[in-house]
Amino acid sequence: MKTIIYGHRGVPDLYPENSLQGFRYALHNHIEGLEFDVHLTKDNVPVVIHDERIDRTTDGRGYVKDYTYEELSRFSLSNYEPIPKLQEVLELVEGRDVYVNLEFKTNKIHYKNIEEIVIKMVDEYELLHPIIYSSFNMSSIKIAQTITHDAQFAFLTGNRIDNPKEFMAANHLDALHLRFYQPDIEDVERIWTVNGNLRLRFIMKRNVAGVFTNNFERAIKIRNEVERKKVTKKTNKC
């Protein structure tokens with residue numbers, strides 16, 4: 001099984017995180033998967049940004065939820081782009097051979113009806129692979145599961161999960177998005193956020209389902225090197 005490489009918030013090593021510029025670069029250079037985060041504005045427009053506040057990634061201040069999209073669009077990322085709307089990102093990925101992981105960013109602020117608003121919008125676009133909905137907030141996942149069956153669902157956690165297969169079955173999950181590798185569930189675990197060369201090699205040797213990284217080109221190169229060594233080792237044994 002080949003580990004799928006996901007660009008974590010696009011390509012943060014090269015472009016501002018969660019920017020259209022970063023997403024376009026990734027798609028133009030044949031990224032395998034894209035991961036991004038979604039919040040809601042005051043007027044219920046889904047936007048792609050990681051933090052609840054805009055302070056860290058824009059020239060503005062305050063919470064996403066306290067601005068309408070028109071107000072929010074007056075602020076800029078470091079490349080002078082506005083915070084992208086989910087609609088804009090979906091337009092980029094529609095019809096492309098790329099896996100899409102949309103994270104409901106609801107673990108601190110659970111926006112009213114965010115799951116329904118987002119899923120309704122996503123369903124308007126033709127994606128080549130089932131979208132992956134993930135969240136640190138299990139409540140968001142459970143709500144989303146009642147709205148759509150045409151998606152994969154993954155729980156995000158920084159903690160080790162005891163009896164992971166039983167946990168997944170009990171919560172009707174398709175995958176676990178883990179900070180640290182856990183053995184015996186390689187085909188259903190995706191690891192975040194893996195950037196160092198040594199850790200990338202360690203994870204790639206385990207053949208996990210996916211890896212989230214800030215530099216997908218470096219990760220693909222390391223994965224391919226690991227795969228070539230495996231083939232060479234098998235050939236030498238024959």
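Keep in mind the model is a prediction, meaning the values are calculated, not measured.

### A word on the side chain of Asn214
Then, in step 1: Secondary-structure assignment places Asn214 in the loop between strand E9 (210-213) and helix H8 (216-237).
Then, in step 2: On the accessibility criterion, Asn214 (15% relative accessible area) is buried.
Then, in step 3: At 2.8 Å, the side chain of Asn214 forms a polar contact with the side chain of His8.
Then, in step 4: Discounting chain neighbours no more than four positions away, the residues touching Asn214 are His8, Val11, Pro12, Asp13, Thr193 and Asn195.

### Looking at the pairing of E9
Then, in step 1: On E9, burial covers both faces: Gly210 and Phe212 on one face and Val211 and Thr213 on the other are all buried.
Then, in step 2: As defined by bridge partners, strand E1 (residues 4-8) adjoins E9 across four bridges and the pair is classed as parallel. Within the sheet, the bridge partner assigned to Ile5 lies in E9 and is Val211.
Then, in step 3: Across two bridges, the pairing between strand E8 (residues 189-191) and E9 is parallel. Each bridged residue has a counterpart across the sheet, and for Arg190 the counterpart in E9 is Gly210.
Then, in step 4: Following the chain from E8 across helix H7 (residues 197-205) to the adjacent parallel E9, one finds a crossover that is right-handed.

### Focus: the packing of helix H4 (residues 114-122) against helix H5 (residues 138-147)
Then, in step 1: Running from N to C, H4 and H5 point in directions that differ by 45°, and their axes come no closer than 9 Å. When the axis of H4 is compared with that of H5, the two are oblique. For the pair H4 and H5, the crossing hand works out as right-handed. Residues Glu115, Glu116 and Ile119 of H4 form the contact with H5, whose own contacting residues are Ser140, Ile143, Ala144 and Ile147.
Then, in step 2: Residues belonging to the contact of H4 with H5 are distributed by class as follows: four nonpolar, one polar and two charged.

Criteria and cut-off values
- Residues numbered from 1 in each chain as written.
- Predicted model: local features only at pLDDT ≥ 70, side-chain atom pairs only at ≥ 80, totals over all residues.
- Heavy atoms only, no water.
- Helix = DSSP H or I, 4+ residues; strand = E, 2+ residues; numbered from the N terminus.
- Buried < 20%, exposed > 50% of the residue type's maximum accessible area, 1.4 Å probe, protein only.
- Polar contact = N/O pair within 3.5 Å; in protein donor to acceptor, adjacent residues only side chain to side chain.
- Contact = heavy atoms within 4.5 Å.
- Pairing = 2+ DSSP bridges.
- Right-handed = clockwise from strand over helix to strand, strands pointing away.
- Axes fitted to C-alpha atoms, helices over the stretch in contact; angles between N-to-C directions.
- Parallel < 35°, antiparallel > 145°, perpendicular 65-115°, else oblique.
- Left-handed = near helix turned anticlockwise from the far one by under 90°.
- Nonpolar A, V, L, I, M, F, W, Y, C, P; charged D, E, K, R; others polar.

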